Structure formats: C-alpha cells, structure tokens
Amino acid sequence: MEQTLQDSALVAKYIKGDEKALEMLINRHSHRIYSFIFSKVYDKDITEDIFQDTFIKVIRTLKRGNYNEEGKFLPWVMRISHNLVIDHFRKNSRMPKFEGSEDFNIFSVLGDPALNAEKQIIKNQVETDVKKLIEELPEDQKEVLMMRLYRDMSFKEIAEQTDVSINTALGRMRYAIINLRKIIEKNNIVLTN
C-alpha cells in the first residue's frame, strides 16, 4: 500500500507530521531531480548542493503551508531546482544578473543570437516569464508592447493599426515598460539573459 501512495497523499501525510512520507517522496524522485540538475551544471559537488537546497526549500514551503496541491509535486520540485540552477549560474557570473534600472529595456533581456543549449533553456524560461508579466498589463499597453516586441512594428504602424496618435502609442509603450518594472520589483523577479 505504501508503495502505491500518490505524491499528493505523501505530501498531505508529511504536512501532518509524518517524516517518512517526505523520505518516500525524496526516494521516489531523487534520481530524476538529481539527473536534471547534473545535466545543467556538470559538477557532482554543485549538483549535490543544489539538490539539497531544493529539498530544503521544499521542506520550508511545505512546513509554512504555502504549497497548493494540484497533483503536480514533481513539476513543482523541478521548477525549484531549475530556479536554484539559475541562481547558481547568476552567483558565479556565468549568467549576468539583469538589474532593473532607469534604463530598463525589456528587449535586451530577450535578444541573444549566439546561444548554447544552457542559455537556450534559460532564454526560453525568461521568455515564458516575460509573457506572463505582459499578461498583467492593461489591455492597451499590452497591445502596443506585443506589436512592438513580437511583431517588430514601428510606432507609426502601431498608431495606424490601433487608431491612435504616435504620441499615444509611445506613451502606452512607456507606461507598459514602467508597469513591467513595477511588477518585476514588486515580485522580486530576476530576469536573466
């Protein structure tokens, strides 16, 4: 019976104080998580550190009651390990940290033509994160930003298509960038390239 318990049941048991349940979860998924981390860092010691940090974060989150069970324990843990891998590279300057500043330029985060496989994975994640951030913008700002960023339209073309003046299109773009910066700062998000 214990062997067939689903992750969600083991998580629930652990939250209620059953330490063995966490041990079972770790044993069940350790190989996959460890292999994933190693495939990114190619160093046994660093992999072990990130692996331990991953489960420290898992334990803290579960103990605080901040985990929402949606039957997605493994993807959630993989995301934590992925973020810790990114943190590792950022700390070791192999991946420059993107600092939000007055010169904030969303385009600089996305443009890097010469990517290796590691950077490509990270770039894809950043693009996904940026799309989620853009979804939080007001509709008129989102529309201008999407036209400029993803369709490479000029502000003259944007103004014509949205039936507003060029100044209004520029203003919407400016406010979109300002609001993105606020969302990034509020949520303490680090975008890397």
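You'll find the structure just up there.
In short, a report on the structure. (Residues numbered from 1 in each chain as written. Predicted model: local features only at pLDDT ≥ 70, side-chain atom pairs only at ≥ 80, totals over all residues. Heavy atoms only, no water.)

**Here we look at the environment of isoleucine 183**
- Along the polypeptide, isoleucine 183 turns up in helix α9 (residues 166–186).
- Here isoleucine 183 falls in the buried class, since its relative accessible area comes to 12%.
- In sequence terms isoleucine 183 and glutamate 136 are 47 residues apart; their C-alpha atoms lie 8.3 Å from each other. (Helix = DSSP H or I, 4+ residues; strand = E, 2+ residues; numbered from the N terminus. Buried < 20%, exposed > 50% of the residue type's maximum accessible area, 1.4 Å probe, protein only.)

**Examining the packing of aromatic side chains**
- Overall, the coordinates contain six aromatic pairs when judged by the stated rule.
- With a centroid separation of 6.1 Å and 65 degrees between ring planes, the pair formed by tyrosine 34 and phenylalanine 51 is classed as edge-to-face. With tyrosine 34 in helix α2 (residues 19–41) and phenylalanine 51 in helix α3 (residues 44–64), this pair connects stretches of sequence that are 17 residues apart.
- Residue tyrosine 34 is classed as partly exposed on the basis of its relative accessible area of 23%.
- Judged by its relative accessible area of 15%, phenylalanine 51 is buried.
- Between tyrosine 67 and tryptophan 76 the ring centres are 4.3 Å apart and the planes differ by 40 degrees, which places this aromatic pair in the tilted class. Taken as a pair, tyrosine 67 and tryptophan 76 share a single burial class, namely buried. (Phe/Tyr/Trp six-rings, centres within 6.5 Å; stacked < 30°, edge-to-face > 60°.)

**Here we look at the nonpolar core**
- Core analysis: the largest hydrophobic core is formed by 26 residues, its most contacted members being Ile33, Ile37, Val58, Leu62, Phe73, Trp76 and Val77.
- Broken down by secondary-structure element, the contributors of at least two residues to this core are α1 (7–15), α2, α3 and α4 (73–91).
- In terms of residue count, α4 provides more of this core than any other element does, nine residues in total.
- Ranked by size, the runner-up nonpolar core spans 22 residues in total, among them Val126, Val144, Met147 and Met173. (Core = buried A, V, L, I, M, F, W, Y, C linked by side-chain atoms within 4.5 Å.)

**Details of the packing of helix α7 (residues 139–150) against helix α8 (residues 155–162)**
- Packing of α7 against α8 leaves a shortest axis separation of 10 Å and a crossing angle of 135 degrees. Classified by the angle between their axes, α7 and α8 sit oblique to one another. Handedness of the crossing formed by α7 with α8: right-handed. Along its contact with α7, which presents Glu143, Val144, Met147 and Arg148, the element α8 presents Phe155, Ile158, Gln161 and Thr162.
- Split into classes, the residues belonging to the contact of α7 with α8 amount to four nonpolar, two polar and two charged. (Axes fitted to C-alpha atoms, helices over the stretch in contact; angles between N-to-C directions. Parallel < 35°, antiparallel > 145°, perpendicular 65-115°, else oblique. Left-handed = near helix turned anticlockwise from the far one by under 90°. Contact = heavy atoms within 4.5 Å. Nonpolar A, V, L, I, M, F, W, Y, C, P; charged D, E, K, R; others polar.)

**A closer look at the pattern of salt bridges**
- Using the criterion set out here, one finds nine salt bridges in the structure.
- Between glutamate 23 and lysine 20 there is a salt bridge, with its nearest N and O atoms 3.8 Å apart. Of this pair, glutamate 23 and lysine 20 both sit in helix α2, three residues apart, which is roughly one turn of the helix.
- Look at glutamate 23 and you get partly exposed, because its relative accessible area is 42%.
- Accessibility expressed as a relative area gives 52% for lysine 20, which makes it exposed.
- Residues lysine 156 and glutamate 160 are paired through a salt bridge, measuring 3.3 Å at the closest nitrogen-oxygen approach. Taken together, the residues span about one helical turn, with lysine 156 and glutamate 160 both in helix α8 at a distance of four residues. Per residue, the accessibility class of lysine 156 equals that of glutamate 160, and both read exposed.
- Three or more residues are tied together by salt bridges with common partners; here these are Glu135, Glu139 and Lys142. (Salt bridge = Lys/Arg side-chain N within 4 Å of Asp/Glu carboxyl O.)

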